[in-house]
Structure formats: structure tokens, C-alpha cells
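So the chains spell out like this:
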Amino acid sequence: MNAPIRPIRILGLDPGLRRTGWGVISCEGARLTHVAHGVIAPRDTLAFAERLRTLFVEIEAVIAAHAPDEAAVEETFMNTNAQSALKLGHARAMALVVPARAGLPVAEYAATVVKKAVVGTGGADKAQVGWMIARLLPTAGKTASDSADALAVAIAHAHARTARRVA
């Protein structure tokens, strides 16, 4: 007799220096359930290092509050402005380092992979992603686009880990 599958909690992160979306789902086999979501928005008036520290501390708080087993982070697209890309890279580093420091395995997914996993096409826009999140996780209620994107990252990871287990 097979032991029951223990639900796995997945933290999805959509990193940004101004707004980092986060979402936590529970994955039990093919069943996905919303746990929590939100947005971390450091004040624009803070020094760059303080904004990064805010991201670090707030992501730590999300992990402490929701005890995820795994984390997934959206990869950033290449920006034509080198300075913006570098700053976004720092925010992304916080999204990678904090879960890793907490001992969580961290996966990364391209935005097109996330959109395809949730909407069915890698070219979906934010409105389509938000609409699908409302359908796939109805108990999530109203989500800001950043937290909807983060929940989509978590869902993409849930699908990828299920596919790896089956293969």
C-alpha cells in the first residue's frame, strides 16, 4: 500500500525592486490550493541598500509565516537599460538568496514557461495570467498583477515537479 502524498508548499516569487510579488500554494498530487499571497513594496525614498534589505527581511518573514518546502523564482527578461537590468538583478538576488539561506531548494523559470504553464501560451499578457489565477485558485480572491505572477510561478513549479516525478 502506498503512503499518502504529503502536501508540498511552494513559494513563488516575481522579483522587482519596486514591487516583488509573492504567492504560496499547496500542492498535493495534481491538486493545487491557494495558501497566501502579497506584494513587498519598499519605499522609493529609501536608499538602494535599504530597499534590498527590506526585500530580504520581508521575504524572510513570508517564509517564516508560511513554511514553504520549495521556492521558485521568475527569471527576468533582458532589459535594454543596463542600469535598470543591474538593479533588477539585485532584487532577483534577494529572491534567490533568502529561500536558499532558509534551506529551500530554489528553481528558476523563464516568464514564457510560467505563462505557458498557466495560460497555455508563452505570449500571454498580465490580464490573462490574472484571469487564469482567479480560475485555478478561486480562494485567492483579488490579486495584484505582481502577486498573480508569483502565484503563476508557483503553479509552473508545481507542474514541473509533477512532470519530473512522472517521467
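Residues numbered from 1 in each chain as written. Predicted model: local features only at pLDDT ≥ 70, side-chain atom pairs only at ≥ 80, totals over all residues. Heavy atoms only, no water.

Engineer: I'd like to hear about the pattern of salt bridges, residue by residue, with values.
Structural biologist: Under the defined criterion, the tally for this structure stands at nine salt bridges. The shortest N-O distance in the salt bridge between Asp-146 and Arg-19 comes to 2.5 Å. Highlighted residues: Asp-146 in helix H5 (residues 145-166) and Arg-19 in the loop between strand E1 (8-14) and strand E2 (20-28), separated in sequence by 127 residues. The exposure class assigned to Asp-146 is buried, which follows from its relative accessible area of 13%. Arg-161 is paired through a salt bridge with Glu-70; the nearest N and O atoms lie 2.9 Å apart. (Salt bridge = Lys/Arg side-chain N within 4 Å of Asp/Glu carboxyl O. Helix = DSSP H or I, 4+ residues; strand = E, 2+ residues; numbered from the N terminus. Buried < 20%, exposed > 50% of the residue type's maximum accessible area, 1.4 Å probe, protein only.)

Engineer: I'd like a rundown of the confidence of the model for the protein chain, residues and numbers included.
Structural biologist: For the protein chain, the mean per-residue pLDDT works out to 91, and 92% of the residues sit at or above 70. For the protein chain, H5 is the element with the lowest average pLDDT, namely 86, and helix H1 (residues 48-66) is the one with the highest, namely 98. (pLDDT = per-residue confidence, 0-100.)

Engineer: Describe in detail the side chain of Thr-20, supporting the description with residues and values.
Structural biologist: By secondary structure assignment, the location of Thr-20 is in strand E2. In this structure Thr-20 comes out as buried when scored by relative accessible area, which is 1%. At a separation of 2.6 Å, a polar atom in the side chain of Thr-20 contacts the main-chain carbonyl oxygen of Gly-16. In this view, Thr-20 contacts Leu-13, Asp-14, Pro-15, Gly-38, Val-39, Ile-40 and Leu-55; residues no more than four positions away in its chain are not counted. (Polar contact = N/O pair within 3.5 Å; in protein donor to acceptor, adjacent residues only side chain to side chain. Contact = heavy atoms within 4.5 Å.)

Engineer: Break down the packing of aromatic side chains for me, with residues and values.
Structural biologist: Enumeration according to the criterion identifies zero aromatic pairs in this entry. The ring of Phe-48 has Lys-87 sitting right over it, with the charged end atom 5.9 Å from the ring centre. (Phe/Tyr/Trp six-rings, centres within 6.5 Å; stacked < 30°, edge-to-face > 60°. Lys NZ or Arg CZ within 6 Å of the ring centre and 35° of its normal.)

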